[in-house]
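Results of the structural survey
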Amino acid sequence: MEAYLDNSATTQLCDEAVSAMVKALNSCWGNPSSMHAKGQQAEKLLEQSRSEVAKKLFCREEEVYFTSGGTEGNNIVVFGATQALKRQGRRIVTTGIEHPSVYEPIKQLEAEGFEVVRLKVDHTGRISEEALKAAVNSDTILVSIMAVNNEVGTIQPVEAARKAVEAARSPALVHCDVVQAFGKMPVKPSTMGVDLLTLSSHKVHGPKGAGAVFVKKGVHLVPRYCGGTQEGKLRPGTQPMPAIAGFAAALKALPDIGFELDNVRKLKDYLIAGLKNLDNISINSPPDALPFVVNISVIGVLSEHMLNFLSERGVYLSAGSACAKGQKSRVLTEMGLDDARLSSPLRISFSRFTTKEHVSMLLEGIAEGQKKFLRR
Amino acid sequence: MKEIILLKNGELALKGLNRHTFEEILIQNMRRRLADLGNFQFATSQSTIMADPLDEGIDLDEAIDRLTRVFGFAGLSRAAAVKKDMNVILAVAGEYLASQLLAANSFKVDAKRSDKKFPFNSPQICMELGGILLESFPHLHVDVHNPELTVTVEIRDNYAYIHGNQIKGAGGMPVGSSGKAALLISGGIDSPVAGWMMAKRGLELIAVHFASPPYTSPKAEMKVHSLLKKVARYSGRITLFVVPFTNIQEQIKDNCPEELFTIIMRRFMMKIAEIIAQREDCGALITGESVGQVASQTMYAIACTDAVTSMPVFRPLIGMDKDEVIITSRKIETFDISIQPYEDCCTVFTPKHPRTRPKLEYVEKAESVLDVEVLAAEAFNGVKITVIN
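Worth saying up front: this structure is predicted, and the values here are computed from it rather than measured.

Before going further, it helps to spend a moment on the overall build of chain B. Summing up its helical and strand segments, chain B has 14 helices and 15 strands in all. Counting only C-alpha atoms, chain B reaches 85 × 35 × 35 Å along its principal axes. Residues classed as buried in chain B amount to 44% of the 389 residues present. Intrachain contacts of chain B at a sequence separation of at least 6 include 81% that bridge at least 24 residues.

In structure tokens form, the structure reads like this:
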């Protein structure tokens with residue numbers, strides 16, 4: 001048996017997504033922009049898929065734009081929003097723990113002259129609402145804060161961004177990267193007070209190569225690419241219908257969030273209880289993190305060694321987004337972890353296909369690994 | 001118009017009666033490298049090899065690109081082969097080299113007449129052709145000392161060849177002409193460069209890599225594949241031997257003094273590499289060591305590792321600085337692969353304070369608690385072989 005516990009990296013395709021994709025590959029290969037019946041057939045599927053995304057977000061269909069995934073979505077949003085508002089201000093407020101697809105574009109904008117405020121996180125990986133409020137001024141044009149951190153699962157106070165923007169009478173757009181949150185906790189732009197969202201398909205059992213951005217009606221983004229009118233010119237290029245149809249089918253197949261959260265919380269509790277029986281383990285994720293992600297450190301065992309060892313036993317996980325030797329995780333460093341914990345992190349991430357047996361395999365594996373590696 | 005590739009021998013030109021043997025190896029190497037592009041005919045004459053494409057539509061640019069990485073040539077040119085008739089030469093040269101002539105500001109004409117029956121001598125060819133080119137390309141001026149473009153006309157037995165500037169060849173000796181050697185490769189920056197340097201001196205390569213799962217990942221092994229693929233563009237096919245090394249490392253770690261861990265480990269590596277090298281008819285081992293670079297590469301440490309092998313150990317980087325090595329590794333395109341951060345066998349269990357001046361007797365004594373022969377034989381029996389092209 002294999003235990004796949006790296007669902008923050010990617011997830012297994014659900015059956016519903018596979019069937020929808022096969023169907024689209026076989027019979028719906030027309031170009032959605034074509035005038036003829038074959039094209040219309042694809043267009044119909046495209047719009048049905050869009051409506052599926054809109055339904056999940058409780059938003060309008062015309063507020064959903066398909067992309068190729070999270071990285072492209074974040075780029076489109078960050079560059080598009082700052083280009084659109086650059087005459088109204090120069091400040092961007094974000095956090096030090098964003099995914100590289102937000103972090104790097106903002107770094108590039110900083111080099112181009114934008115003023116960037118990167119909010120610090122505390123030891124739980126959370127930014128402070130007061131600091132956020134203080135950072136947003138009338139010169140601010142974009143606030144970008146992820147909903148759930150991809151390495152530790154910490155939930156950020158995203159709703160505070162809208163309040164901060166209103167209090168500062170700032171023209172800023174509020175963006176939230178919900179790649180790790182979507183499908184795992186309620187994501188509703190109106191409640192969250194956001195103008196922009198980024199989603200990815202393959203983190204919710206859909207295929208790679210699809211994703212979406214939510215752009216609130218009335219909000220204008222300057223397109224990053226040109227050469228087509230698809231997706232409101234925000235993402236020109238013929239839409240990949242099989243990937244989009246698979247994405248929509250995966251969303252439709254998502255179970256009730258409350259139900260799923262309950263199950264995954266039980267898995268997390270089981271994992272934490274099991275880890276309590278082992279020595280030299282520290283839990284890096286805060287207790288109130290989204291239970292889908294649990295970050296731990298196995299003190300004294302380099303991540304790479306433990307990951308290779310577990311991989312040989314059929315247990316798959318990762319060390320976070322930067323698993324490389326010598327490259328300490330930016331997120332864990334921001335959280336102020338000491339060197340012993342920084343050199344040994346493991347990220348365990350669940351999905352609805354994870355079972356207690358998988359977690360048991362992991363616990364056994366870690367125990368065996370400790371025996372092997374800590375002996376020396 | 002018929003086009004061929006003219007290749008000028010490098011050092012080979014200096015060889016005496018055995019020059020033929022070298023040339024045959026060189027042609028065989030070229031043949032292998034060009035095989036999938038189409039058929040070529042090769043002919044040698046006076047320190048030049050002519051590669052004549054026999055099929056229509058062979059990609060000569062690709063062929064030249066590959067041949068710039070075949071050791072044994074000082075330079076190569078893509079040339080037009082025309083009838084040995086002065087009027088034809090004068091008519092064709094300007095047209096054939098038009099783009100190069102337009103891009104240059106200064107030029108000269110160089111003529112080589114090996115067929116002395118040709119009615120014009122070299123200075124005459126230069127004058128005639130130079131005059132015509134100046135007329136057709138009035139922006140040019142003649143510079144015989146430092147021309148941007150040298151138009152060369154070579155009058156040989158069957159054809160006259162016209163070409164522009166010569167492209168630099170890879171130099172060195174034909175791979176295989178010096179025998180075969182075993183390269184110890186970890187995945188770092190140095191070993192691929194060392195292998196490349198020795199291949200350049202005519203050695204055919206095999207490679208030995210030590211893998212220590214789970215300390216090292218399958219990705220570290222894939223990295224070695226990618227590195228060797230780059231080296232093989234110069235050296236030709238390389239057979240890779242991956243040696244399972246975990247048990248040996250754990251045994252050393254558990255039974256020997258920590259400060260000698262790396263030295264003893266390297267002695268094992270040499271020993272096992274030698275067993276493989278002997279089986280494969282190699283005459284030497286190759287490592288990427290450089291004096292003083294790390295604790296295990298001090299003069300004293302090298303003396304300790306050398307003591308386990310009776311084969312010569314070639315260390316072409318021995319006197320080079322890291323930045324010099326990096327320059328070559330960038331040139332042969334291994335640098336970006338080498339810096340991928342996977343743990344390799346050399347970084348597992350690295351001692352905090354390694355001994356930099358180890359004494360051989362002391363090392364041998366520390367090592368004697370292990371059954372070296374059995375451990376080495378076991379590792380050898382677990383070897384995995386892959387051929388890298």
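Once you've had a look at it, read on.
Let us now look at the overall build of chain A. Within chain A, the regular secondary structure consists of 13 helices and twelve strands. Relative to the globule expectation of 21 Å for 376 residues, the C-alpha radius of gyration of chain A, 21 Å, shows essentially globular dimensions. Principal-axis analysis of the C-alpha atoms places the extent of chain A at approximately 65 × 50 × 35 Å. Within chain A, buried positions represent 49% of all 376 residues. In chain A, the proportion of contacts linking residues at least 24 apart, taken out of those at least 6 apart, comes to 74%.

Note that an α-helix has 3.6 residues per turn; residues three or four places apart therefore point the same way. All names here are of chain A. Taking 1.5 Å per residue as the helical rise, helix H1 (residues 15–27) with its 13 residues ought to reach 18 Å, and the 18 Å between its terminal C-alpha atoms agrees with that figure. Here H1 has its buried residues at Ala 17, Ala 20, Met 21 and Ala 24. Projected onto a plane normal to the axis of H1, the buried residues spread over an arc of 100° and lie on a single side. Among the exposed residues of H1, those pointing more than 90 degrees away from its buried face are Asp 15, Asn 26 and Ser 27. Here the buried face of H1 lies against helix H2 (37–57) and helix H8 (241–252).

A separate point is the packing of helix H6 (residues 190–200) of chain B against helix H7 (residues 218–235) of chain B. Residue and element names in this part refer to chain B. It is at 10 Å that the axes of H6 and H7 come closest, and there the two elements cross at 15°. When the interaxial angle is binned, H6 and H7 end up roughly parallel. As H6 runs across H7, the sense of the crossing is right-handed. Across from Pro 192, Gly 195, Trp 196 and Ala 199 in H6, the residues of H7 making contact are Leu 227, Lys 230, Val 231, Tyr 234 and Ser 235. Its residues assigned to classes, the contact of H6 with H7 comprises six nonpolar, two polar and one charged.

What follows concerns the nonpolar core. Grouped together as the largest cluster of nonpolar side chains are 111 residues, with contacts concentrated most on B:Ala181, B:Ala182, B:Leu183, B:Ala207, B:Ala273 and B:Leu285. Among the elements that make up this core, the one with the highest residue count is helix H9 (residues 261–279) of chain B (twelve residues). There are two domains that each give this core at least three residues, and those are domain 1 (2–168) and domain 2 (180–388) of chain B. Residues within four places of B:Ala182 in sequence aside, it is in contact with B:Ile206, B:Val208, B:Ala273, B:Ile276, B:Ala277, B:Glu280, B:Cys282, B:Leu285 and B:Ile286. A:Ile76, A:Val93, A:Val179 and A:Val264 belong to the second largest nonpolar core, which has 105 residues in total.

Looking now at the packing of H9(B) against helix H14 (residues 372–381) of chain B. To characterise two packed helices, one gives the angle between the axes of the helices and the distance between these axes. All names here are of chain B. Running from amino to carboxyl end, H9 crosses H14 at an angle of 55°, the nearest separation of the two axes being 10 Å. Regarding the angle of H9 to H14, the classification is oblique. Both H9 and H14 take part in a crossing whose hand is right-handed. When H9 is examined against H14, the residues Phe 268, Lys 271, Ile 272, Ile 275 and Ile 276 are found in contact with a partner set consisting of Ala 376, Ala 379 and Phe 380. When its residues are assigned to classes, the contact of H9 with H14 shows seven nonpolar, no polar and one charged.

Residues and elements named next belong to chain A. As summarised here, the arrangement of the seven strands in space is E2-E8-E7-E6-E5-E3-E4, forming an open sheet in which the pairing is mixed. Of all strands in the sheet, those bounded by a partner on one side alone are strand E2 (64–67) and strand E4 (115–119). Going from strand to strand, the sheet's axes swing by 20° on average, the running direction of each strand aside. Pairing of strand E6 (residues 173–177) with strand E7 (residues 196–200), which is carried by three bridges, proceeds in the parallel orientation. Within E7, the residue paired with Cys 176 across the bridge is Leu 197. Across the face of the sheet, helix H3 (residues 70–85) comes into contact with E2, strand E3 (91–95), strand E5 (140–144), E6, E7 and strand E8 (211–215) while running at roughly 165° to E7.

All names here are of chain B. For helix H8 (residues 246–255), the set of buried residues is Ile 248, Gln 249 and Ile 252. All buried residues of H8 lie within an arc of 100° about the axis, which places them on one face of the element. Opposite the buried face of H8, by more than 90 degrees, sit the exposed residues Asp 254 and Asn 255. Looking at the buried side of H8, the elements it contacts are H9 and H14.

All names here are of chain A. Spatially, the three strands line up as an open sheet ordered E9-E10-E12, and their pairing is antiparallel. Edge positions in the open sheet fall to strand E9 (281–283) and strand E12 (345–349), since each of these has one partner strand only. Averaged over all adjacent pairs, the angle separating strand axes in this sheet is 30°, with direction ignored. Relative to E12, strand E10 (residues 293–298) runs antiparallel, the two being bridged by five bridges. Following the sheet pairing, Val 293 is matched in E12 by Ser 349.

Looking now at the pairing of strand E2 (residues 40–45) of chain B. Residue and element names in this part refer to chain B. Two elements, E2 and strand E3 (residues 48–53), share six bridges in a ladder whose sense is antiparallel. Looking across to E3, one finds that Phe 40 is bridged to Pro 53. If you look at the hairpin formed by E2 and E3, you'll find two residues sitting between the two strands, and Gln 46 has a positive phi there, around 45°.

Here we come to the domain arrangement of chain B. Residue and element names in this part refer to chain B. Domain assignment breaks chain B into domain 1 (2–168) and domain 2 (180–388). Relative to domain 2, the C-alpha centre of domain 1 lies at a distance of 43 Å. At the interface, four residues of domain 1 touch six residues of domain 2. Tallied by class, the residues present in the side of domain 1 that touches domain 2 amount to one nonpolar, one polar and two charged.

Right, let's get into the pairing of E4(A). Residues and elements named next belong to chain A. Here E3 pairs with E4 via five bridges, running parallel. The residue of E4 that forms the bridge with Val 93 is Val 117. A crossover links E3 with its parallel partner E4, the connecting element being helix H4 (residues 100–111), and its sense is right-handed.

A separate point is the environment of A:Lys120. Residue and element names in this part refer to chain A. When you line up the elements, Lys 120 lands in the loop between E4 and helix H5 (129–135). Placed 90 residues apart in sequence, Lys 120 and Ala 210 show a C-alpha to C-alpha distance of 31 Å. Ignoring sequence-local partners within four residues, the contact set of Lys 120 consists of Gly 96 and Glu 334.

Rules of the game
Residues numbered from 1 in each chain as written. Chains lettered and ligands numbered in written order. Predicted model: local features only at pLDDT ≥ 70, side-chain atom pairs only at ≥ 80, totals over all residues. Helix = DSSP H or I, 4+ residues; strand = E, 2+ residues; numbered from the N terminus. Buried ≥ 20, exposed ≤ 12 C-beta atoms within 10 Å, placed from the backbone. Contact = placed C-beta atoms within 7 Å. Rg over C-alpha atoms; globule rule 2.2 N^0.38 Å. Expected span 1.5 Å × (residues − 1). Arc of directions from axis to C-beta. Axes fitted to C-alpha atoms, helices over the stretch in contact; angles between N-to-C directions. Parallel < 35°, antiparallel > 145°, perpendicular 65-115°, else oblique. Left-handed = near helix turned anticlockwise from the far one by under 90°. Nonpolar A, V, L, I, M, F, W, Y, C, P; charged D, E, K, R; others polar. Core = buried A, V, L, I, M, F, W, Y, C linked by C-beta atoms within 7 Å. Domains from an automatic or database assignment. Pairing = 2+ DSSP bridges. Right-handed = clockwise from strand over helix to strand, strands pointing away.

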